[in-house]
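Reading the structure
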Amino acid sequence: MKKFFALVIFSTLLCSCLPKNSEINSIEDLAGKRIGVQSGTTSASYISKHLPDSYLMEFITGYDAAEALKKRKIDAIVMDELPAKSIIARNDNLKIVKDKFVEEEYAVAVRKGNKELLDSINKTIREARENGTYKALVNAFISVEGNIQLPETKEAETDEYITMGTNVAFPPFEYTCRDDGKIIGFDISLGQIIADGCGKKLKILDKPFDSLIPALQTGDVDFIAAGMSATEDRRQVVDFSEPYYKTTQVIITRK
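Not measured: the values here are computed from a predicted model. (Residues numbered from 1 in each chain as written. Predicted model: local features only at pLDDT ≥ 70, side-chain atom pairs only at ≥ 80, totals over all residues. Heavy atoms only, no water.)

Re the packing of helix H6 (residues 133–141) against helix H7 (residues 186–197)
Inclusion rule: Every axis in this analysis is a line fitted to C-alpha atoms, fitted for helices over the stretch in contact. Angles between the N-to-C directions lie between 0 and 180 degrees. Per the convention used, a helix needs a DSSP run of H or I reaching at least four residues, while a strand needs a run of E reaching at least two, with both numbered from the N terminus. For classification purposes, an angle smaller than 35 degrees is called roughly parallel, one larger than 145 roughly antiparallel, one from 65 to 115 roughly perpendicular, and anything else oblique. Each helix crossing is assigned a hand: it is left-handed if the near helix lies turned anticlockwise from the far helix by less than a right angle, otherwise right-handed if that turn is clockwise. When checking whether two residues touch, look at their non-hydrogen atoms; a contact exists if any pair is within 4.5 Å. Residues were grouped as follows: Ala, Val, Leu, Ile, Met, Phe, Trp, Tyr, Cys and Pro as nonpolar; Asp, Glu, Lys and Arg as charged; and all remaining residues, including Gly, as polar.
Two elements in contact, H6 and H7, have axes separated by 10 Å at closest approach and are oriented at 155°. Accordingly, the angle class assigned to the pair H6 and H7 is roughly antiparallel. Once H6 is placed against H7, the crossing between them reads as right-handed. On H7, the residues that touch Thr 133, Tyr 134, Leu 137, Val 138 and Phe 141 of H6 are Phe 186, Ser 189, Leu 190 and Ile 193. The class makeup of the residues in the contact of H6 with H7 is seven nonpolar, two polar and no charged.

Set out below in structure tokens:
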């Protein structure tokens, strides 16, 4: 009986020492928490810089981080908003928390000094905005209804290829279609248009996100379209096109 009461007292004291509110509702609430991010992303950089007392855990994909969150191996995920919404759509036990993250811009990356390709990509992006192709891509992949209607593209009649590096785990920008196994997404269609503008066929190389810039530098790929934010750190090693999409980061937690 004495052991029982001692256990009850110990449990009561232990509970009183736990944080009164461990729910995550803001960036500040992430302090001291185990935070999952996709390796090599701006989310990882943000956590390292602004939340040094947290426990950063890097994963190959956002889906891997989501599995860890559901198994309570981490307390939250920080990642870009649209891919986060895709994860939430598949996991009704998770939710999104929005807070004041800095807005970022996606752009296409090329090797330093590759002005010819960069000029061609910028021309393609500008023309896509002017002729309605860009709007069609937004309607196809970023529509509220979620109805995918792929814009028509005509592959160039040539034996020359241009290789695009991407990470096929970042919907709606690049992912594998459940119906037929094809790689689709906003960036994939944009890459096809870029290849058309160069008069070449498109070849897609799927790699881990943090391997894309090294692959670009070694010549394994000609350009990167992978929901990559044009940060100042990255501009030191690659050249970026004009931005083609603005985004912000969000927090994913358990409900």
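Things to note about H7
The following threshold applies: Expected helix span is taken as 1.5 Å per residue step, with the number of steps being one fewer than the number of residues. The buried label applies to any residue whose accessible area, calculated with a 1.4 Å probe on protein chains only, is under 20% of its type's maximum; exposed applies above 50%, and partly exposed to all values in between.
Taking 1.5 Å per residue, 12 residues should reach 16 Å; H7 reaches 17 Å between its end C-alpha atoms and fits that length. Along H7, 10 of the 12 residues are buried, which leaves the element largely enclosed by surrounding structure. Taken as a whole, H7 has its buried residues at Phe 186, Asp 187, Ile 188, Ser 189, Leu 190, Gly 191, Gln 192, Ile 193, Ile 194 and Ala 195. Check the buried side of H7 and you find it contacts helix H5 (115–131), H6, strand S7 (161–166), strand S9 (183–184), strand S10 (201–206) and strand S11 (223–224). Following H7 by one or two positions, Gly 199 adopts a phi angle in the positive range, close to 70°.

Focus on the pattern of salt bridges
Here is the rule: The salt bridge criterion pairs a side-chain nitrogen of Lys or Arg with a carboxyl oxygen of Asp or Glu, the two atoms within 4 Å.
For the structure shown, the criterion picks out 10 salt bridges. A salt bridge links Lys 112 to Asp 239, with the nearest nitrogen and oxygen atoms 3.2 Å apart. Residue Lys 112 is found in the loop between strand S6 (109–111) and H5, and its partner Asp 239 is found in strand S12 (residues 238–240); the two are separated by 127 residues along the sequence. A relative accessible area of 47% places Lys 112 in the partly exposed class.

Points about the sheet that holds S10
Applicable threshold: Being paired, for any two strands, means DSSP has found at least two bridges between them.
The mixed open sheet is built from five strands, whose spatial order is S10-S7-S11-S6-S12. A strand with exactly one partner marks an edge of an open sheet, and here the two such strands are S10 and S12. Bridge count between S6 and S12: three bridges; the pairing is antiparallel. In the sheet register, Arg 111 faces S12, and the bridge partner there is Val 238. Each of S6, S7, S11 and S12 touches H5; the most contacted strand, S6, lies at about 160° to it. Along the sheet face, H7 touches S7, S10 and S11 and points at about 140° away from the line of S10.

Brief notes about empty space enclosed by the protein
Operational definition: A 1.4 Å probe that fits but cannot get out identifies a cavity on a 1 Å grid over protein atoms alone, an open set with protein on both sides within 12 Å along at least five of seven lines counts as a pocket, and a residue lines either if it has an atom within 4 Å of a point. Grid points are joined across faces, edges and corners, and a volume is the space filled by probe spheres set on the points.
Following the criterion strictly, the structure yields two cavities of 30 Å³ or more and no others. Of the voids in this model, the largest cavity is the one considered here, and its volume is about 130 Å³. Along the wall of the largest cavity there are 13 residues; nearest its centre are Gln 38, Thr 41, Asp 80, Phe 170 and Gly 227. Here the element with the most residues in the lining of the largest cavity is strand S3 (residues 76–80); it accounts for three residues. Within the lining of the largest cavity, the residues separate by chemical class into five nonpolar, six polar and two charged. Put simply, the second largest cavity is a space of about 40 Å³. Among the elements of the structure, helix H3 (62–70) and helix H4 (81–90) are those that each provide at least two residues to the lining of the second largest cavity. For the lining of the second largest cavity, the class distribution of residues is seven nonpolar, one polar and no charged.

Geometry only, nothing functional implied.
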